[in-house]
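Residues per chain are reported as follows:
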Amino acid sequence: MKNQSRRRFLLITGASIGFAFSGMAVPIPGNYKHSKRGVLLGANTEIQIYHEDKEVAEEILVKCFDEVRRLESIFSLYDQDSDICKLNSLGRIESSPIDLVNLVKTSLEISEFTDGSFDVTVQPLWELYANHYKSPGFNPEGPSRDDIEAALEVVNYKNISFEQKTIWFNKQRMGITLNGIAQGYITDAVTRILSESGISNMLVNMGEYRSIGTHPNGKNWQIGLADPEKPWSIVRVLPLKNRAVSTSGGYGYRFGDSLDHHHIFDPKLGESANYYKSITVEAPSATLADGLSTAFFAVRREKLAELNLKLPDVVIYINGVKA
């Protein structure tokens, strides 16, 4: 899904049927830890929950793994048989999964709201930069301006069309990536499974955080924001209850050795956005938090303040400091 250096793990800690805190679990008497390991989203994974019944716990864990694998088969750019890869290859996909339709539509809504600062059609730019930095004797300053302009000719979210479950591109050479929002969508999907399975207090961590209820001690979950200048230290702790948090930063994946060339693009310039070290968004859902954190990373500060006023239920942190 998202570049591996940004997304390396999936950890779910659930309670009321258990007791969990920021990945550190302490059992309530009569409840036991159950875990399942595997590979999800391209990384070694362990899902943990607490539950009094082993068989029920196993069923819940299997459901979580199955759901993530199902959504990965839709959104993954690393699986050539995924639905998004088929769309990118053919320029059109009919009878597409409803998850793909819904997430693309949500992405376009964020694109409209941010006036194109979030644009899922930046995949040709990503491919341009990736191929440039793989080529022998590459220019460390990045692709030529002519090559960037050629890629930008097919970068425009307005050239995606829908009709029921059919999605198509209005220009050749187009391609989309949902890596700036799909992780949040999957986080929300797993949260729903846990809620439907009777877990009423949980913290779901898939790189994005989604909380339901409180920590079993009655307090809000505590999420630490890393200092982008000193990632080993915490610059702020966010209390979280029935909310989601996502952080975007250029440090997640770099092209070449320079921090200036990374995976989050300003779709209007065709270059990596470098207005901030990190952007964190707290929102009602992980899908919205993920999409907005990606979008806002490519929004200049004066425009960001304007957008922030239109989102009363969203909190923005710039480099760990509340905007």
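Residues numbered from 1 in each chain as written. Predicted model: local features only at pLDDT ≥ 70, side-chain atom pairs only at ≥ 80, totals over all residues. Heavy atoms only, no water.

A.B. asks: Report on unusual backbone geometry, specifying residues and quantitative values.
C.D. replies: Glycine aside, the phi torsion of most residues is negative, and most peptide linkages are trans. Of note, the phi angle at Gln164 is positive, near 55°, even though the residue is not glycine. When you line up the elements, Gln164 lands in the loop between strand E7 (160-163) and strand E8 (166-169). On the basis of relative accessibility, which here comes to 73%, the residue Gln164 falls in the exposed class. One non-glycine residue, Asn242, lies in the positive phi region at around 55°. Tracing the backbone through its elements, the reader meets Asn242 in the loop between strand E12 (234-240) and strand E13 (244-249). On the basis of relative accessibility, which here comes to 39%, the residue Asn242 falls in the partly exposed class. (Helix = DSSP H or I, 4+ residues; strand = E, 2+ residues; numbered from the N terminus. Buried < 20%, exposed > 50% of the residue type's maximum accessible area, 1.4 Å probe, protein only.)

A.B. asks: Could you give me a rundown of the confidence of the model for the protein chain, with the residues and numbers involved?
C.D. replies: Scored by pLDDT, the protein chain has a mean of 86; 89% of the residues are at 70 or more. Confidence, read as mean pLDDT per element, is least for strand E2 (residues 20-21) in the protein chain (33) and greatest for E8 (98). This stretch, residues 1-10, has a pLDDT under 50; its non-local contacts, to residues over four places away or in other chains, come to 50 contacts. Per-residue pLDDT stays below 50 along residues 15-27; that stretch engages in 47 contacts with residues further than four places along the chain or on separate chains. (pLDDT = per-residue confidence, 0-100. Contact = heavy atoms within 4.5 Å.)

A.B. asks: Can you tell me about the packing of aromatic side chains, naming the residues and giving the values?
C.D. replies: According to the stated counting rule, one finds nine aromatic pairs in the structure shown. An angle of 40° between the planes, with centres 5.7 Å apart, marks the rings of Tyr129 and Phe255 as tilted. With Tyr129 in helix H4 (residues 123-134) and Phe255 in the loop between E13 and strand E14 (265-266), the pair connects residues that are 126 residues apart, well separated along the chain. Residue Tyr129 shares its accessibility class with Phe255, and that shared class is buried. On the numbers, 5.1 Å between centres and 50° between planes, the contact of Tyr129 with Phe265 is tilted. Residue Tyr129 is located in helix H4, and its partner Phe265 is located in strand E14; the two are separated by 136 residues in the primary sequence. (Phe/Tyr/Trp six-rings, centres within 6.5 Å; stacked < 30°, edge-to-face > 60°.)

A.B. asks: Can you tell me about the nonpolar core, naming the residues and giving the values?
C.D. replies: One finds Phe75, Ile160, Leu178, Leu194, Ile279 and Phe296 to be the most contacted residues of the largest nonpolar core, which totals 67 residues. It is helix H1 (residues 54-75) that provides the largest number of residues to this core, a total of nine residues. Of all hydrophobic cores here, the second largest spans 12 residues; its members include Tyr133, Ala151, Val155 and Phe265. (Core = buried A, V, L, I, M, F, W, Y, C linked by side-chain atoms within 4.5 Å.)

A.B. asks: Pulling in residues and values, what's your account of the pattern of salt bridges?
C.D. replies: Here the structure, examined in full by the defined rule, presents 12 salt bridges. The salt bridge partner of Arg210 is Asp188, with a shortest N-O separation of 2.5 Å. With Arg210 in strand E10 (residues 209-212) and Asp188 in helix H6 (residues 182-196), this residue pair connects regions lying 22 residues apart in the sequence. Arg210 sits in the buried class, given a relative accessible area of 16%. (Salt bridge = Lys/Arg side-chain N within 4 Å of Asp/Glu carboxyl O.)

A.B. asks: Residues and numbers for the sheet that holds E7, please.
C.D. replies: Taken in spatial order, the three strands line up as E6-E8-E7 in an open sheet, and their pairing is antiparallel. A single partner strand is all that each edge strand has here, and the edge strands are strand E6 (92-93) and E7. As defined by bridge partners, E7 adjoins E8 across four bridges and the pair is classed as antiparallel. Its bridge partner being in E8, Glu163 is matched across the sheet by Thr166. Of the strands in this sheet, E7 and E8 are in contact with helix H3 (residues 98-113), which crosses E7 at around 135°. (Pairing = 2+ DSSP bridges. Axes fitted to C-alpha atoms, helices over the stretch in contact; angles between N-to-C directions.)

A.B. asks: Before we move on, could you go through the environment of Pro216 and cite the residues and values that matter?
C.D. replies: Inspection of the secondary structure assignment puts Pro216 in the loop between E10 and strand E11 (221-226). Sequence separation between Pro216 and Ser200 is 16 residues, and the spatial gap between their C-alpha atoms is 9.9 Å.

A.B. asks: Which residues make up the layout of surface pockets, and what values go with them?
C.D. replies: Of the voids in this model, the second largest pocket is the one considered here, and its volume is about 580 Å³. In terms of lining residues, the second largest pocket is bounded by 30 residues, among which Leu77, Gln123, Trp126, Thr177 and Asn179 are the most central. Sorting the residues of the lining of the second largest pocket by element identifies helix H2 (83-90) and H4 as the ones contributing at least two each. Element by element, the count of residues in the lining of the second largest pocket is highest for H4, at four residues. (1 Å grid on protein atoms, 1.4 Å probe; cavity = no way out; pocket = protein on both sides within 12 Å on 5 of 7 lines; lining within 4 Å. Points joined across faces, edges and corners; volume = space filled by probe spheres on them.)

A.B. asks: How would you explain the packing of H3 against helix H7 (residues 286-296) if you had to name every residue and give the values?
C.D. replies: To characterise two packed helices, one gives the angle between the axes of the helices and the distance between these axes. Following both chains from N to C, one finds H3 and H7 inclined at 40°, their axes separated by 11 Å at the closest point. Comparing the axis directions of H3 and H7 gives the class oblique. Seen along the crossing, H3 lies across H7 with a hand that is right-handed. Residue-level contacts link Leu103, Thr106, Ile110 and Phe113 of H3 to Thr287, Gly291, Leu292, Ala295 and Phe296 of H7. In the contact of H3 with H7, the residues fall into six nonpolar, three polar and no charged. (Parallel < 35°, antiparallel > 145°, perpendicular 65-115°, else oblique. Left-handed = near helix turned anticlockwise from the far one by under 90°. Nonpolar A, V, L, I, M, F, W, Y, C, P; charged D, E, K, R; others polar.)

A.B. asks: How would you summarise helix H8 (residues 301-309) if you had to cite specific residues and measurements?
C.D. replies: Every buried residue of H8 is listed here: Leu304, Leu307 and Asn308. Each buried residue of H8 lies within a common arc of 105° when the element is viewed along its axis, so the set occupies one face. Away from its buried face by more than 90 degrees, H8 exposes Glu302 and Leu309. Taken together, the buried residues of H8 touch H3, strand E16 (278-283), H7 and strand E17 (315-318). (Arc of directions from axis to C-beta.)

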